[in-house]
Amino acid sequence: MAEKDQTKRLDNGMVLSKFEGHYFIQADEEKMEISAVDAARILEDHDAAFDIVIAAKRRYWFNTAMDRYSPLEY
């Protein structure tokens, strides 16, 4: 039997959901998969959702403006 889709709207406007064993956080139209540990952390403190999203984005989308310079220049 397939697992039921579970969704919880947080008081900060984000949506936390679980679907087929995967956890997701959604803000507006942007949806991101998160770990079960992060989902538990968000349930304890809804404001942690912002920290988790920011940390995940920094891991993959970072500022490369300084990449064209030699490390010895700064």
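Residues numbered from 1 in each chain as written. Predicted model: local features only at pLDDT ≥ 70, side-chain atom pairs only at ≥ 80, totals over all residues. Heavy atoms only, no water.

Student: Sorry if this is basic, but what is going on with the overall build of the protein here?
Tutor: A count of helical and extended segments in the protein gives two helices and four strands. The order of α-helices and β-strands along the protein, N terminus first, is β-β-β-β-α-α. Out of the 74 residues in the protein, the part that is buried amounts to 23%. Once local pairs closer than 6 in sequence are excluded, the contacts in the protein between residues at least 24 apart make up 26%. Roughly 6100 Å² of accessible area belongs to the protein as shown, and the carbon and sulfur atoms make up 52% of that amount. (Helix = DSSP H or I, 4+ residues; strand = E, 2+ residues; numbered from the N terminus. Buried < 20%, exposed > 50% of the residue type's maximum accessible area, 1.4 Å probe, protein only. Contact = heavy atoms within 4.5 Å. Areas by Shrake-Rupley, 256 points an atom, 1.4 Å probe, with all protein chains shown as cover.)

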